[in-house]
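Structure at a glance
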Amino acid sequence: MQPLSSLSTTYDPHQVEQKWYQYWMDHRLFRAEVDEEGRPFSMVIPPPNVTGSLHLGHALNNTLQDILIRWRRMQGYNALWVPGTDHAGIATQARVEENLAKEGLKKEDLGREKFLERVWQWKHEYGNRIVNQLKLLGCSCDWSRERFTMDEGCSRAVREVFVRLYEKGLIYRGNYIINWCPKCHTTISDIEVDHEDTPGHLYHLCYPFADGPGYVEVATTRPETMLGDTAVAVHPEDERYRDIVGRTLILPLVGRRIPVIADAYVDPSFGTGAVKVTPAHDPNDFEMGQRHHLPQVRVINWDGTMAEEAGPYAGMDRYECRRKIVEDLQAIGSLTQIEDYMHAVGHCYRCHTVIEPLVSKQWFVRMKPLAEPAIQAVKEGKIRFVPERFTRLYINWLENIRDWCISRQLWWGHRIPVWYCQECGREAASRIDLERCPNCGSKDLVQDPDVLDTWFSSALWPFSTLGWPDSTPELGHFYPTSVLVTGRDIIFFWVARMIFMGLEFTGQEPFSDVLIHGLVLDAEGRKMSKSLGNGIDPIEVIQEYGADTLRLTLVTGNTPGNDLRFRQERLERARNFTNKIWNASRFVLMNLDGFEPGHIKPQYTLADRWILSRFARVAQEVTASLEAYEIGNAADLLYEFFWNQFCDWYIELAKPRLYGENEAEKRTTQLVLWYVLKHTLELLHPFLPFLTEEIWQKLPHEGVSIMAAPWPEPEAELLDPQAEEDMAVLMDIIRTYRNLRAEFALPPGRKLPLVLMPKNERAKSLLAAHQGYVAELGWADPITVVSPDGGQKPSQAIVGVAAGAEVYLPLKGTIDIEKERERLARELRSLEKDLAAAKRKLANPDFLSKAPVEVVAKEKAKAEELVGKKEAISRRLGLISSWAAEARP
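To continue, consider the overall build of the protein chain. In terms of helices and strands, the protein chain carries 27 helices and 29 strands. With respect to the three principal axes, the spread of C-alpha positions in the protein chain is 110 × 70 × 55 Å. A fraction of 77% describes how many contacts in the protein chain between residues 6 or more apart in sequence connect residues 24 or more apart. Entry remark: accessible area of the protein chain is about 39400 Å², with carbon and sulfur atoms responsible for 49%. For the protein chain, the distance from the average site of its 105 positive side-chain charges to the average site of its 124 negative ones is 4 Å.

Laid out in structure tokens, this is it:
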């Protein structure tokens, strides 16, 4: 153990964080072995993209996980946190292609094999960046078990799952409408499309009847797709159009004859109630086309240009074509109206390009058979969402799920394990690479060029990382995992898929609890983005403030499922708390000379019994909060206890006994200070791992690390409700007296008289026994206790009402009444002037309409504060004025 006084005067996180992380690694404290006798607790990290760097969302997510795993370790669980990264198909391939472009090359110049070599090389060079950043944050993952979604084990699991689903008929290949990104040149799934409200136009087009006069008016936001229309649809119960169903229309500019059909999908209230049907370029139109056996006319290419079927518009960019179509329709009188229109437009979640729905031959997973057990598991309570409101969201999505398009037109990823025989024309899925056709024996085989959706492999993460499909000891002991911690934005991307895959391939739910957290927003409540320039780099925060401060900032006040605003004042508050812990610990260490735990027979005072009881109660409440995943509440409880109760009250009450002559009192005080500090640090450790380890190591202790210390279990014998009640009375009296002094700006270090009128005999005896507390912390002298039945109230005194007594501060002889009256009058005039200016500003329409919302809110708050101050000064002035009048002859 190092010398007790070895804490430096200020806390520098850079001096301790790297040191202790390496210490934990060297002592293998993150390592979890299979122990059949141990209680397992396990989590898998949501694997960050191998291309990525730590952002505040990662920092929040991983801080929450680290708090849970450190807490469970200290509770004695055999705790495993599996780390790893995702190969991130689209993002990684795009990154490497960008690098190739700098050399003047395309991936096709290298060929598939050489290109993949480049990607693996990039991964080995840069893929550990985010892992190292997670270590800076303090994440206590079992790094010996780190996985990658394309490592040998995970790749084997992916093939096994694909083949089993294929053999069951749950994976199929077919023509279907998909979301195509013209920039990434690949399909993306429905949940990878970001729908953003975008200003546009609603165009009203007239389609004339082929068999007589008249026309049908339709409304569309995408007039360029009319070139691919194969019908116009109306609702079957729409009286306006009932007699035209079955008639034929002429498609303007094209001349194609198309039918009027009736379909319940049509919303009669949208536009004119008649909609154009383009089966090749809209998912809902595609399904209508299937129901009515409509032809598919594809008029847009994979690169976003118009296809050959677009006739004279072929080769144009889709938006250039839109402008030209509008001009041509106006020229022939077929465009009757253009409205401004706000509508949701789908964008690629990777590159933000507007996606194009296209019909394509792709690989799909049939979702209904997989979704039903996943719905049931949640409905039966086998999987619990925290907070519970996300349950309905999850179930609604699965109940309305479409088949999952799993093929991607990329080279980087798990290549689809299907081979096509060029001899007999059959296809075969295989767990191993095929050299001969299983049907005819031909060697003329071609493997499908596409790769699987990245989310396909990450859907297997909870069990593939533990050795599945083999029956490994790790799978038997740590699966199902205990809890998944994830953001609300990937419930569909990842959580639902892990659940149905886990149920299908292990027969068990992959986890029992799903803790959902919100997003980290900027101070104004906006999403952080490069375009807004409001992003905050957590690594820069760690470099300036330390990892513990960042961790505490992210969890304090945070509640499950709710978004969090990242404000500078929250960061400063967290840093101030770490400094408070450091300084209080330094004080305790400096006053532990000669102290040895276990060699003291304590003689507890009321203050001792109170702080020990408060600690035991806080330990109960913190544990209960963590059990309920109220991690932010647990942090708030510890903040309040350490700063406001231990530091501001108990340490101040302990000083006279530490510096006094009574050795027994000093040793008892040392024991209480050591006990409460040591065990509070252990409660704080999951939140502030580096700071707590540094201090704990310098206290008298047993064990190699605070990480391995037992979690403080509440000791029932320490609970003392009477001591808590009595101290609450005394503390309220002291607070009330301090407030009275502050009202008249009386010097805090000056001893002033105090008169107390207890409310009952209990309070009277309490004050008689513990006047010293009031005198010490209130700077009161002399203290007079008067009886409520017949006691004389002091004259020219201000009064406050506390829990156990009326509190009087006599001012006669303490202040110059006339000078105080003049001072208060000046202060009142100044306040009235400032308040009038604030009211003028708030009455100015230009200010209210042009100033930012936060500026107006700040001005309103300022005005309210001035009103409160004015009322308080007015009351004091009235009181002082009455005393001054009494004093005049």
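Structure's up, so let's keep going.
The terminal C-alpha atoms of helix H25 (residues 817-842) lie 37 Å apart, and with 26 residues this matches the ideal 38 Å at 1.5 Å per residue to within 8%. The set of residues buried in H25 consists of Ile817, Glu820, Leu824, Ala825, Leu828, Leu831, Leu835 and Ala838.

Once that is clear, we can look at the packing of helix H2 (residues 56-74) against helix H17 (residues 547-555). The contact between H2 and H17 brings their axes to 10 Å, and the two run at 95 degrees. As the angle between them shows, H2 and H17 are arranged roughly perpendicular. Every residue of H17 that contacts H2 at Leu56, Ala59, Leu60, Thr63, Leu64, Asp66, Ile67 and Arg70 is listed here: Leu550, Arg551, Leu554 and Val555. Residue classes in the contact of H2 with H17 are distributed as eight nonpolar, one polar and three charged.

Turning our attention to the sheet that holds strand S29 (residues 805-810). In a beta sheet, neighbouring strands pair by backbone hydrogen bonds and run either parallel or antiparallel. What the four strands build is an open sheet, ordered S27-S26-S29-S28; its pairing is mixed. Single-partner strands in this sheet number two, and they are strand S27 (780-785) and strand S28 (797-801). Looking at each pair of strands side by side, their axes are set apart by 25 degrees on average, direction ignored. Alignment of strand S26 (residues 752-758) against S27, held across four bridges, turns out to be parallel. Looking at S27, one finds that leucine 756 is bridged to valine 785. The strands that helix H23 (residues 721-743) touches are S26, S27, S28 and S29; relative to S29, the one it contacts most, it runs at about 30 degrees. Sheet strands touched by helix H24 (residues 761-778): S26, S27 and S29. Its angle to S27, the strand with the most contacts, is close to 170 degrees.

Right, let's get into unusual backbone geometry. Between tyrosine 479 and proline 480 the backbone carries a cis peptide bond, its omega angle lying at 0 degrees. Tracing the chain through its elements places proline 480 in the loop between helix H14 (473-478) and strand S22 (481-487). In the segment running from aspartate 781 into proline 782, the intervening peptide bond is cis, with an omega of 0 degrees. Of note, proline 782 is situated in strand S27. In this structure, leucine 253 is a non-glycine residue whose phi angle is positive, near 70 degrees. Position of leucine 253 relative to the elements: it lies in the loop between strand S10 (248-250) and strand S11 (257-262).

Scoring rules and cut-offs
- Residues numbered from 1 in each chain as written.
- Predicted model: local features only at pLDDT ≥ 70, side-chain atom pairs only at ≥ 80, totals over all residues.
- Heavy atoms only, no water.
- Helix = DSSP H or I, 4+ residues; strand = E, 2+ residues; numbered from the N terminus.
- Contact = heavy atoms within 4.5 Å.
- Areas by Shrake-Rupley, 256 points an atom, 1.4 Å probe, with all protein chains shown as cover.
- Lys, Arg positive; Asp, Glu negative; His and termini not counted.
- Charge placed at Lys NZ, Arg CZ, Asp CG, Glu CD.
- Expected span 1.5 Å × (residues − 1).
- Buried < 20%, exposed > 50% of the residue type's maximum accessible area, 1.4 Å probe, protein only.
- Axes fitted to C-alpha atoms, helices over the stretch in contact; angles between N-to-C directions.
- Parallel < 35°, antiparallel > 145°, perpendicular 65-115°, else oblique.
- Nonpolar A, V, L, I, M, F, W, Y, C, P; charged D, E, K, R; others polar.
- Pairing = 2+ DSSP bridges.

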